[in-house]
Amino acid sequence: MSEIYVCLTFDFDAESAQIRQEEDAVRISKGQFAVQRGLSRILALLAKYEIKSTFFVCGWVAEKYPQHINEITSAQHEIAAHGYLHEYLDKLEFNEEIIVHEHTNQVLEDIVGKIKGFRAPYWKMSKNTLNIIAEMGYMYDSSLMDEDRPYVYSVPESPKNLVEFPVEWFLDDWVLFEHHQKSPSEVFEIWKAQFDALLEMEDLEENRRVLTLTCHPSCIGHAYRITVLERFISYMKSKQAIFVKMVDLASDYLL
Ligand SMILES: [Zn+2]
């Protein structure tokens, strides 16, 4: 049987975007579902299946919810950067963007130590973003959509490389459940189809298949949705998928 790696990743945004956009109390509370209920359900599921994951966290969220960050790290999951207040990086001036990255990095490193990975909020970035995070010493990014397996990204204007873990909208819980209102079985079938297809793919230069799934505690954490994730995890486990944190896989690509 072919080998396949799976990076289950979670964007712990909480209500950061709603606060930045000064939205109403109900919209804010929707983000807070991640804090009140979603995150604990995910952590319990990961513990049940003995899976280590990567959590992309906004700096503001880490400051506001240190106890939740502690729950993530004490279970040996990885914390990676995801903006300070879930900014649209493509809307920022160069200097503004530098401040966002450096501030976020400082907040997260003060809590959990060295940060190695980054994911752009909304998967939107400026032409400077990857250069900035490479110069800051980050090892990997997970925001681009140009491949379906990780690769080494040569950063323009920088001698440094990043490992890119490509993402896709159809491998994002928010898009399928919130935007398209897909049913649980539809979501499962989409994710399973991609997993099965990658597993059967013969075109790999190297025998490494990697599926990156992006979920949000405020979305997948709802009762009927977490059962979809559990069903998918269980299916992938039955196919001997190897679940890894991005930081652990990324270091292999930079050897
Ligand atoms: Zn996000």
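Residues numbered from 1 in each chain as written. Predicted model: local features only at pLDDT ≥ 70, side-chain atom pairs only at ≥ 80, totals over all residues. Heavy atoms only, no water.

S.K.: Requested: an account of the packing of helix α8 (residues 184-200) against helix α10 (residues 223-238), with residues and values cited.
M.R.: Here α8 crosses α10 at 25°, and the two axes come no closer than 10 Å. Viewed along their axes, α8 and α10 adopt a mutual orientation that is roughly parallel. In the packing of α8 onto α10, the handedness of the crossing is right-handed. Residues P184, S185, V187, F188, E189, W191, K192, F195 and D196 of α8 form the contact with α10, whose participating residues are Y224, V228, R231, F232, Y235 and M236. Class assignment of the residues belonging to the contact of α8 with α10 gives a composition of ten nonpolar, one polar and four charged. (Axes fitted to C-alpha atoms, helices over the stretch in contact; angles between N-to-C directions. Helix = DSSP H or I, 4+ residues; strand = E, 2+ residues; numbered from the N terminus. Parallel < 35°, antiparallel > 145°, perpendicular 65-115°, else oblique. Left-handed = near helix turned anticlockwise from the far one by under 90°. Contact = heavy atoms within 4.5 Å. Nonpolar A, V, L, I, M, F, W, Y, C, P; charged D, E, K, R; others polar.)

S.K.: Tell me about the coordination of the zinc ion, residues and numbers included.
M.R.: For the zinc ion, the protein coordination sphere consists of D13 (OD), D13 (OD), H82 (NE2) and H86 (NE2), at 2.1 to 2.5 Å. Sequence positions of the donors to the zinc ion reduce to the motif D-x68-H-x3-H. As far as the burial class goes, H82 and H86 line up, both buried. (Donors = N, O, S within 2.8 Å, 3.2 Å for Na, K, Ca; no water. Buried < 20%, exposed > 50% of the residue type's maximum accessible area, 1.4 Å probe, protein only.)

S.K.: Which residues make up the environment of G137, and what values go with them?
M.R.: Positionally, G137 belongs in the loop between α6 (129-135) and β5 (140-141). Between the C-alpha atoms of G137 and K239, which are 102 residues apart in sequence, the distance is 35 Å.

S.K.: Before we move on, can you summarise the packing of aromatic side chains with the specific residues and values?
M.R.: Scanning all chains against the criterion turns up ten aromatic pairs. Each ring, one from F177 and one from Y224, has its centre 5.9 Å from the other, and the planes form 90°; the classification is edge-to-face. Residue F177 is found in helix α7 (residues 173-179), and its partner Y224 is found in helix α10; the two are separated by 47 residues along the sequence. By relative accessible area, F177 is classed as buried at 0%. Ring geometry for F188 and F232: centres 6.3 Å apart, planes at 85°, overall edge-to-face. (Phe/Tyr/Trp six-rings, centres within 6.5 Å; stacked < 30°, edge-to-face > 60°.)

S.K.: Any chance you could break down the pattern of salt bridges for me, citing the residues and the numbers?
M.R.: Within this structure, the stated rule accounts for twelve salt bridges. A salt bridge links K48 to E230; the nearest nitrogen and oxygen atoms lie 2.6 Å apart. Within this pair, whereas K48 is found in helix α2 (residues 25-48), its partner E230 is found in helix α10, the two being separated by 182 residues in sequence. Across the pair E178 and R225 runs a salt bridge whose closest N-O atoms are separated by 2.8 Å. One end of the pair, E178, is in helix α7; the other, R225, is in helix α10, and 47 residues separate them in sequence. Its relative accessible area of 19% is what places E178 among the buried residues. When salt bridges with common partners are traced through the structure, they connect K30, E178 and R225 into a single cluster. (Salt bridge = Lys/Arg side-chain N within 4 Å of Asp/Glu carboxyl O.)

S.K.: Any chance you could break down the side chain of D173 for me, citing the residues and the numbers?
M.R.: One can find D173 in helix α7. Among the polar contacts made by the side chain of D173, one reaches the main-chain amide nitrogen of I220 at a distance of 3.1 Å. The contact partners of D173, leaving out residues within four places of it in the chain, are E178, W191, T214, C215, H216, C219 and I220. (Polar contact = N/O pair within 3.5 Å; in protein donor to acceptor, adjacent residues only side chain to side chain.)

S.K.: Could you give me a rundown of the nonpolar core, with the residues and numbers involved?
M.R.: Ranked by size, the top nonpolar core spans 68 residues in total, and within it L8, F12, F55, W191 and F195 carry the most contacts. Every residue in contact with F55, bar those within four places of it in the chain, is listed here: F10, L39, I42, L43, L46, I72, H77, E78, I79 and A80. Counting residues in each nonpolar core, the second largest holds 15 residues, with A80, F165, M246 and V247 among its members. (Core = buried A, V, L, I, M, F, W, Y, C linked by side-chain atoms within 4.5 Å.)

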